[in-house]
Amino acid sequence: NSMCFFIGNFKEATEKFSGIHYPTAPMFLPLIFNIFFKIIEFRENPHLHFFVSSMEDNFFKYWETIPLVHGLAALLDPSQGQVAFDIFFDYYAKFLGKNVDDQKKSIMHSLQELFDLYANEQSTPSKQPEPEERSTQQGKMGALGFYQNFKRQKFKGLSVTRLNSNEIQLYLSQYFETPENFDVLEYWKVNSQLYPILATIARDILPVQASSVASESAFSMCGRIIGDQRTNLNADTLGMLTCLQDWFAAEKKESDCWSN
């Protein structure tokens, strides 16, 4: 029972990282957060000590440094933002037993560099109307539940200072109480007038997948379409069959969502 409870977090992370119909990059920090919390919890378990120790070694091997794109995705997810980002790195430093300020500063610096780059490419200056707290009801955010509690406790009783010097400060100064079913892409679509440059950055960063499952699946699809009995398909026909398969799958998924 203890083993199942421990590896359940790894199962959840694997399934969510492997998704193809929703952004997976923003899920990285909260899922990793849950995993290292479980490692800490089970470190001293006499029955699982050897097993957990081995898992911890592998964890350090792959995730001792947080990938830049996932750190940026967390900042660009209103359900996390600056508050949850800081909480993650505070606990992560304790878990690793070393200072991780350089990682935090690198991610924040990269966000500012991206902002400057995108701002220079836009011909019209961004306007800064008074921000409105908006939320959407699509998508799935269940993996953030445990993570969100820490954010709520951290922010409780604090007043928000709205800084208007640029979009980054304005966005990061807000506190968003997002619903369980939250669609981060829809949020940036709705708020693209409020944060035009950040919305463009989010459009490019958030769709980056947290794992290679989606791309590997796309390439392996050819092997399912072209077989021993279908070896002479031209490129146009192959393209049409691939699109049809994807469209039918999307139609079925939409139908299942409406029925539920």
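Residues numbered from 1 in each chain as written. Predicted model: local features only at pLDDT ≥ 70, side-chain atom pairs only at ≥ 80, totals over all residues. Heavy atoms only, no water.

Here we look at the overall build of the protein
Let me state the cut-off plainly: What counts as a helix is a DSSP run of H or I of at least four residues, what counts as a strand is a run of E of at least two, and both are numbered from the N terminus. For each residue, the accessible area found with a 1.4 Å probe, counting protein chains only, is set against the maximum for its type, and the residue is called buried under 20%, exposed over 50%, and partly exposed in between. In this description, contact between two residues means that some pair of their heavy atoms is separated by no more than 4.5 Å. Method for areas: the Shrake-Rupley scheme with a 1.4 Å probe, in which residue coverage is limited to the protein chains shown.
Across its full length, the protein carries 12 helices and zero strands. In the protein, the order of α-helices and β-strands from amino to carboxyl end is α-α-α-α-α-α-α-α-α-α-α-α. Split into buried and exposed, the 260 residues of the protein put 39% on the buried side. For the protein, long-range pairs separated by at least 24 residues make up 76% of all intrachain contacts whose partners lie at least 6 apart in sequence. Summed over its atoms, the accessible surface of the protein is roughly 15,200 Å², and 55% of this surface lies on carbon and sulfur atoms.

With respect to the environment of L206
Tracing the backbone shows L206 in the loop between α10 (196-205) and α11 (213-225). Note: C-alpha distance between L206 and T24 (182 residues apart in sequence) is 7.7 Å. L206 has contacts with P23, A25, P26, A73, L76, V184, L185 and W188, leaving out every residue within four places of it along the chain.

A closer look at a nonpolar patch on the surface
Short version of the rule: Only residues whose relative accessible area exceeds 30% and that take part in no salt bridge are eligible for patches, with like-charged residues grouped when within 9 Å of each other and nonpolar side chains (Val, Leu, Ile, Met, Phe, Trp, Tyr) grouped when within 5 Å. For this document, the term salt bridge refers to a Lys or Arg side-chain nitrogen within 4 Å of an Asp or Glu carboxyl oxygen.
A cluster of nonpolar side chains, namely L244, W247 and F248, defines an oily patch on the protein surface of about 360 Å² accessible area. Relative to the elements of secondary structure, W247 occurs in helix α12 (residues 235-259).

Details of the pattern of salt bridges
Summed over all chains, the structure comprises six salt bridges. A salt bridge links E15 to K11, with the shortest nitrogen-to-oxygen separation between them at 2.7 Å. Placement of both E15 and K11 in helix α1 (residues 2-17) is noted, with a separation of four residues, approximately one turn of the helix. On the basis of relative accessible area, E15 is assigned to the partly exposed category, the value being 47%. In this structure, E64 engages K98 in a salt bridge whose closest nitrogen and oxygen atoms are separated by 2.7 Å. Highlighted residues: E64 in the loop between α3 (49-63) and α4 (68-75) and K98 in the loop between α5 (81-96) and α6 (101-121), separated in sequence by 34 residues.

Quick word on the nonpolar core
To keep things clear, this is the line we draw: We define the nonpolar core as a collection of buried residues of types Ala, Val, Leu, Ile, Met, Phe, Trp, Tyr and Cys that are connected through side-chain atoms lying within 4.5 Å of one another.
Among the nonpolar cores identified, the biggest contains 57 residues, and L76, F88, Y92, W188 and L198 are the most heavily contacted of them. Residues contacting W188, with those up to four places away along its chain left out, are L76, P78, Y171, Y195, L198, A199, A202 and L206.

Focus on α3
Formally: Here the expected length of a helix is defined as 1.5 Å per residue gap, with one fewer gap than residues. This arc is built from the directions going out from the helix axis to the C-beta atoms.
If you check α3, its first and last C-alpha atoms are 20 Å apart, about what 15 residues at 1.5 Å a residue would give, namely 21 Å. Restricting attention to buried positions, one finds in α3 the residues V52, E56 and F59. Seen from one end, α3 has its buried residues packed into an arc of 60°, which puts them on one side. Along α3, exposed side chains directed more than 90 degrees from the buried face belong to F50, D57, K61 and Y62. Tucked into the core, α3 has its buried residues touching α1, α2 (28-42) and α5.

Describing the packing of α1 against α3
We apply this condition: Only C-alpha atoms enter the line fits that serve as axes; for helices the fit covers just the stretch in contact. Angles between N-to-C directions range over 0 to 180 degrees. Our angle categories are set so that under 35 degrees counts as roughly parallel, over 145 as roughly antiparallel, 65 to 115 as roughly perpendicular, and the remainder as oblique. Just so you know the grouping, Ala, Val, Leu, Ile, Met, Phe, Trp, Tyr, Cys and Pro go in nonpolar, Asp, Glu, Lys and Arg go in charged, and all remaining residues, Gly too, go in polar.
Look at α1 against α3: their axes get within 12 Å of each other, and the N-to-C directions meet at 10°. Overall, the two elements α1 and α3 adopt an arrangement that is roughly parallel. Of α3, the residues touching α1 (which contributes M3, F6, I7 and F10) are F51, V52 and M55. For the contact of α1 with α3, the class distribution of residues is seven nonpolar, no polar and no charged.

Describing the packing of α2 against α5
As a reminder of what qualifies: For any helix crossing, the convention is left-handed if the near helix is rotated counterclockwise from the far helix by under a right angle, and right-handed if that rotation is clockwise.
Here α2 crosses α5 at 30°, and the two axes come no closer than 11 Å. In terms of crossing hand, the pair formed by α2 and α5 is left-handed. Here L29, I32, F33, F36, F37, I39 and I40 of α2 come into contact with α5, specifically with F85, I87, F88, Y91, Y92 and F95. A breakdown of the residues in the contact of α2 with α5 according to their chemical character gives 13 nonpolar, no polar and no charged.

By themselves, these observations are geometric and do not establish any function.
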